[in-house]
Amino acid sequence: MPQIETNDLTCLPEGPTHKILLPPTDPNAEILSISGYKLVYCNGSCPRVYRVYKGDSMLGLVFEHLTHWSNAVDNIRHQEPLSAVLALDEFMQAAGVIRKANAERLGAVA
């Protein structure tokens, strides 16, 4: 079975500490596959909360509202789940670049 590494199922991962099985092994999991991403329905919450995976890595969470999607990173109401996921992915990539640059800068000073 495929495995991913994450801290917690309900928040954005800080770093890999726990191994869990991918949710598709759960017969009750609802999965949406869109353009290289997989959205997996988290729990019985309303609005629906989906974990977003790119490959075997969890990016974060997106929320399905009655009229729109959101990703908790921006305050934009996205019409489609893909646009909410892409905005989340772009944010995570930018945050990773900034984090890496800061680590390199601090390492050079220390």
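Residues numbered from 1 in each chain as written. Predicted model: local features only at pLDDT ≥ 70, side-chain atom pairs only at ≥ 80, totals over all residues. Heavy atoms only, no water.

A.B. asks: Even after reading the chapter, I still don't get the overall build of the chain, so can you show me in this structure?
C.D. replies: Looking only at helices and strands, one finds 1 helix and 7 strands in the chain. From first element to last, N terminus to C terminus, the chain shows the α and β order β-β-β-β-β-β-β-α. Long-range pairs, those at least 24 residues apart, make up 26% of the contacts in the chain between residues at least 6 apart in sequence. Carbon and sulfur atoms make up 57% of the accessible area of the chain, which totals about 7100 Å². (Helix = DSSP H or I, 4+ residues; strand = E, 2+ residues; numbered from the N terminus. Contact = heavy atoms within 4.5 Å. Areas by Shrake-Rupley, 256 points an atom, 1.4 Å probe, with all protein chains shown as cover.)

A.B. asks: Help me understand the pattern of salt bridges, please; the structure alone is not making it clear to me.
C.D. replies: A side chain of one charge can pair with a side chain of the opposite charge when the charged atoms of the two come close. Under the counting rule described, the total for this entry stands at 2 salt bridges. Linking glutamate 30 and arginine 48 is a salt bridge whose minimum nitrogen-to-oxygen distance equals 2.2 Å. Of this pair, glutamate 30 sits in the loop between strand E2 (18-21) and strand E3 (31-34) while arginine 48 sits in strand E5 (residues 48-54), and the two are 18 residues apart along the sequence. Owing to a relative accessible area of 27%, glutamate 30 belongs among the partly exposed residues under this scheme. (Salt bridge = Lys/Arg side-chain N within 4 Å of Asp/Glu carboxyl O. Buried < 20%, exposed > 50% of the residue type's maximum accessible area, 1.4 Å probe, protein only.)

Geometric values such as these leave the question of function open.
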